[in-house]
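Coordinate analysis (summary)
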Amino acid sequence: MTEVWSFFAEPLGYAFMQRALLGAVLIGAVCSVLSCYLVLKGWSLMGDAISHAVLPGVVLSFVLGLPLAIGAFAAGLFCAVATGYLKENSRVKEDTVMGIVFSGMFGFGLVLFSKVETDQHLNHILFGNMLGITPRDLVEVGIIAGITLLIVIAKWRDLLLYCFDPAQARAVGLPLSVIHYGLLVLLALTIVASIKAVGIILVVAMLIAPGATAYLLTNRFSRMLMIAAAVAIGSCVIGTLLSFHIDGATGPCIVLVQAFAFVLAFLFAPRHGVLAMRREQRPAA
């Protein structure tokens, strides 16, 4: 019992861990909410595309002396708009377009980074540095997370109908283009906030794993949101504490905890887990 208490209490004695844990809660909360919509919409690749595409924006912001979040958001939004434009004006499918756009922008960002003289470590951008989060970073994450959560809470029914049944959403008169690009803006904002925790490469896991785990555990969207929030926030907190105790990278630790939670749900979910489905398929004796 003492060891369990020490696992949680010891890190709280350090100011940088207090900031890291508070940031973990904020990032986990906003990622979990958006994750549910992305899973329903089937936009996991879109999250991957935008997360990789923000790199050139981050580098250009550094060169110009601007907040990194501004460049990251602008680059992510450009990726989303460019993907939509290329899809609508060519015969190439959306997943192919996303692959071309995000790989091109990611490559462009790596080239820019290699030409910029800086003491900023590339690994902190690619994999995050939650333990190095500053009070200014925490305020920035809090503002982004707050804006995103308020918009989602205000429009959650419209977003749900758009993700679940676009045809019905069009029939009832919802502005699909506004919702489509609004969701992309929220996605870009969430990615900007999450970069502090897990970096550009692993942020897609933060945006998919909580919703995917919750999707296996319930058929009701309201419960899906609550379960996803518990999985995301819990994984962020446990992963951050674990990285402190094992002296490991925080982002990968968070993602590993989320992946472990998904595997548990995949195997043991009461209705949609592998074991439950096998029991249902067994012939009656």
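It should be noted that the structure appears before, not after, this text.
I will try to describe carefully the structure that is included in this document. Quick caveat: nothing in here was measured; it's all calculated off a predicted structure. (Residues numbered from 1 in each chain as written. Predicted model: local features only at pLDDT ≥ 70, side-chain atom pairs only at ≥ 80, totals over all residues. Heavy atoms only, no water.)

Digging into the state of the cysteines
Threshold: By convention in this document, the label disulfide applies to cysteine sulfur atom pairs within 2.5 Å.
Scanning the model with the defined rule gives zero disulfides in all. No disulfide involves Cys236; its sulfur sits 6.8 Å from that of Cys31, the nearest cysteine.

Some words on the packing of helix 2 (residues 15–41) against helix 9 (residues 156–164)
Note the threshold: Working convention: axes come from line fits to C-alpha atoms, limited for helices to the stretch in contact. Angles between N-to-C directions cover 0 to 180 degrees. Secondary structure elements are defined from DSSP: runs of H or I of at least 4 residues count as helices, runs of E of at least 2 residues count as strands, and each element is numbered from the N terminus. Angles are sorted into four bins: roughly parallel if under 35 degrees, roughly antiparallel if over 145, roughly perpendicular if 65 to 115, and oblique for all others. Here a residue-residue contact requires only that any non-hydrogen atoms of the pair lie within 4.5 Å. Lys, Arg, Asp and Glu make up the charged group, whereas Ala, Val, Leu, Ile, Met, Phe, Trp, Tyr, Cys and Pro make up the nonpolar group; the residues left over, Gly among them, are polar.
The geometry of helix 2 relative to helix 9 is characterised by a closest axis approach of 8 Å and an angle of 25° between their N-to-C directions. As summarised for this structure, helix 2 and helix 9 are arranged roughly parallel, according to the angle between their axes. Contacts between helix 2 and helix 9 involve Tyr37, Leu40 and Lys41 from the former and Trp156, Leu159, Leu160, Tyr162 and Cys163 from the latter. Classifying every residue of the contact of helix 2 with helix 9 by side-chain character gives seven nonpolar, no polar and one charged.

Here's the deal with the nonpolar core
Soluble globular proteins: nonpolar side chains tend toward being buried together. In plain terms, the rule: Residues grouped as a nonpolar core are buried Ala, Val, Leu, Ile, Met, Phe, Trp, Tyr and Cys residues, joined through side-chain atoms within 4.5 Å. Here the term buried applies to any residue with accessible area under 20% of the maximum for its type, exposed to any over 50%, and partly exposed to those in between, with areas from a 1.4 Å probe on protein chains only.
The biggest cluster of nonpolar side chains holds 74 residues, and the ones touching the most others in it are Ile50, Leu187, Ile191, Val198 and Leu207. When residues of this core are assigned to their parent elements, the largest contribution, 22 residues, is made by helix 11 (residues 176–217). When near neighbours in sequence (up to four residues on either side) are disregarded, Leu207 contacts Cys31, Leu34, Ser35, Leu38, Leu187, Thr190 and Ile191.

Focus on the side chain of Thr83
Position of Thr83 relative to the elements: it lies in helix 5 (residues 68–88). On the basis of relative accessible area, Thr83 is assigned to the buried category, the value being 1%.

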